[in-house]
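# Fold and contact review
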Amino acid sequence: MVEFDDVSKVFFKGTVPIQALGRLNLSVREGELLAVVGPSGCGKSTLLNMTAGLMKPGTGAIRYKGQAISGANTQVAYVTQKDNLLPWRSVEQNIRLPLEMGPHKRLSEAEKRERVARYIAMVGLKGFEKHYPKELSGGMRKRAQLARSLVYEPDTLLMDEPFGALDAQLKLMLQAELLKTWEGSGKTLIFVTHDLTEAISLADRVIVMSGRPGRIIAIADIRLPRPRDVFHIRFQPEFGDYFEELWAALKQDLASGEAAT
Ligand SMILES: Nc1ncnc2c1ncn2[C@@H]1O[C@H](COP(=O)(O)OP(=O)(O)OP(=O)(O)O)[C@@H](O)[C@H]1O
Ligand SMILES: [Mg+2]
């Protein structure tokens, strides 16, 4: 679905280069849930930005469904790390936004309303439809962003630490909702997180990146059965094995001192 072919990226601060990504090779399979973990600053958001076509790779190429990405990739929906709700639009109007653009414009008014209401209910924002972003908590803003990307019903979803700032209970609830929505949908999902437990609970495959310049240092196929119950899956013995294996890679990288920020 997405292919990263020898992708690297260097940013410049004035004349000082910062190598964000090392040479990265990765094939994201159609319909898989791929979790990406790695230390802060290792290029995870950069990877998603390039997949969304918001940024060009320095070297190498990224292909989406076999085609080089040039310009904004409108086939993916992107829940960015930074909150980008429009402050002058209410929750409902923000979530509706993707349906006012591109091919979704053709949906009937009834269908648009139904979808917006369905995703608002799914993320638990019922009753807050008319609120503006500044009238929401941080977690509620994240949930509105999530609903806005789901309403679009794209082939591929990119999520950058969508549940990072939420309290532990809400995080579990939303993970469960996400799995319920995703399992059986056939959609490809790239999910960036700091949280190894979250990554293993959700993913078909977890990749671990090194500190800057980000490279892939471990990949694990997570063969836990589906449908999964995020509330209990962490207590399964196999879960512990995956955790140990991936944590060892993360820890070794931290110890090698490359994870400088
Ligand atoms: N637009 C930009 N201009 C300059 N430097 C950038 C830009 N975007 C990212 N960087 C740099 O590239 C490196 C990787 O950034 P990135 O945001 O991809 O990290 P990350 O893995 O998402 O980190 P975090 O987990 O903290 O979100 C960082 O050193 C950052 O300073
Ligand atoms: Mg990031």
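Residues numbered from 1 in each chain as written. Chains lettered and ligands numbered in written order. Predicted model: local features only at pLDDT ≥ 70, side-chain atom pairs only at ≥ 80, totals over all residues. Heavy atoms only, no water.

As recorded in an unreviewed UniProt entry, the protein chain goes by ABC transporter ATP-binding protein and comes from Pararhodobacter aggregans. The heading Sequence similarities (unreviewed entry) in the UniProt record of the protein chain holds the text "Belongs to the ABC transporter superfamily." (UniProt positions renumbered as here; feature names shortened; annotations may be inferred.)

## Considerations on the sheet that holds strand β6 (residues 76–79)
Read across the open sheet, the six strands follow the order β6-β7-β8-β3-β9-β10; overall the sheet is mixed. In the strand order of this sheet, the two ends are held by β6 and β10 (216–221), each with one partner. Across the sheet, the mean angle separating the axes of adjacent strands is 15° when strand polarity is ignored. As paired elements, strand β7 (residues 156–160) and strand β8 (residues 188–192) share five bridges and run parallel to each other. In the sheet register, methionine 159 faces β8, and the bridge partner there is phenylalanine 191. Across the sheet, helix α1 (residues 44–51) lies against β3 (33–37), β6, β7, β8 and β9 (205–209), angled at about 150° from β7, the strand it touches most. (Pairing = 2+ DSSP bridges. Helix = DSSP H or I, 4+ residues; strand = E, 2+ residues; numbered from the N terminus. Axes fitted to C-alpha atoms, helices over the stretch in contact; angles between N-to-C directions. Contact = heavy atoms within 4.5 Å.)

## So, the domain arrangement of the protein chain
As far as domains go, the protein chain holds domain 1 (2–75 + 156–255) and domain 2 (85–154). Taking the mean C-alpha position of each, domain 1 and domain 2 sit 25 Å from one another. Facing 14 residues of domain 1, the contacting portion of domain 2 comprises 11 residues. Between domain 1 and domain 2, roughly 1,100 Å² of surface is buried when both sides are summed, and carbon and sulfur atoms account for 70% of that area. A per-residue breakdown of the area domain 1 buries against domain 2 is headed by Leu157, Leu174 and Thr181, which together make up 32% of the total. Scanning the region where domain 1 abuts domain 2 turns up zero salt bridges. The tally of links between domain 1 and domain 2 comes to two residue pairs in polar contact (both at pLDDT 80 or more). Where the side of domain 1 that touches domain 2 is concerned, the elements lending two or more residues are β7 and α5 (168–182). At four residues, the largest contribution of residues to the side of domain 1 that touches domain 2 is made by α5. Considering only residue class, the side of domain 1 that touches domain 2 consists of seven nonpolar, four polar and three charged. (Domains from an automatic or database assignment. Buried area = accessible area lost by both parts, 1.4 Å probe. Salt bridge = Lys/Arg side-chain N within 4 Å of Asp/Glu carboxyl O. Polar contact = N/O pair within 3.5 Å; in protein donor to acceptor, adjacent residues only side chain to side chain. Nonpolar A, V, L, I, M, F, W, Y, C, P; charged D, E, K, R; others polar.)

## Focus: the coordination of the magnesium ion (ligand 2)
In the first shell of the magnesium ion (ligand 2), the protein supplies Ser45 (OG) and Gln81 (OE1), at 2.0 to 2.2 Å from the metal. Separated by 36 residues along the polypeptide, serine 45 in helix α1 and glutamine 81 in the loop between β6 and α2 (91–96) bring together distant segments of the chain. Residue class for glutamine 81 comes out partly exposed when judged on its relative accessible area of 39%. (Donors = N, O, S within 2.8 Å, 3.2 Å for Na, K, Ca; no water. Buried < 20%, exposed > 50% of the residue type's maximum accessible area, 1.4 Å probe, protein only.)

## A word on the pairing of β8
Of all five residues in β8, five are buried; the element is thus mostly enclosed. Where burial is concerned, the two faces of β8 agree: the one with Thr188, Ile190 and Val192 and the one with Leu189 and Phe191 are both buried. Where β3 and β8 come together, four bridges link them in parallel fashion. The residue of β8 that forms the bridge with valine 36 is valine 192. Regarding the hand of the β-α-β motif, the stretch spanning β7, α5 and β8 is right-handed. (Right-handed = clockwise from strand over helix to strand, strands pointing away.)

## Structural notes on the pattern of salt bridges
Under the defined criterion, the tally for this structure stands at 20 salt bridges. A salt bridge links glutamate 100 to arginine 89, with the shortest nitrogen-to-oxygen separation between them at 3.0 Å. Here glutamate 100, found in the loop between α2 and α3 (109–122), pairs with arginine 89, found in the loop between β6 and α2; they are 11 residues apart in sequence, far enough to count as distant. Here glutamate 100 falls in the partly exposed class, since its relative accessible area comes to 30%. Across the pair lysine 180 and glutamate 177 runs a salt bridge, and its minimum N-O distance is 3.6 Å.

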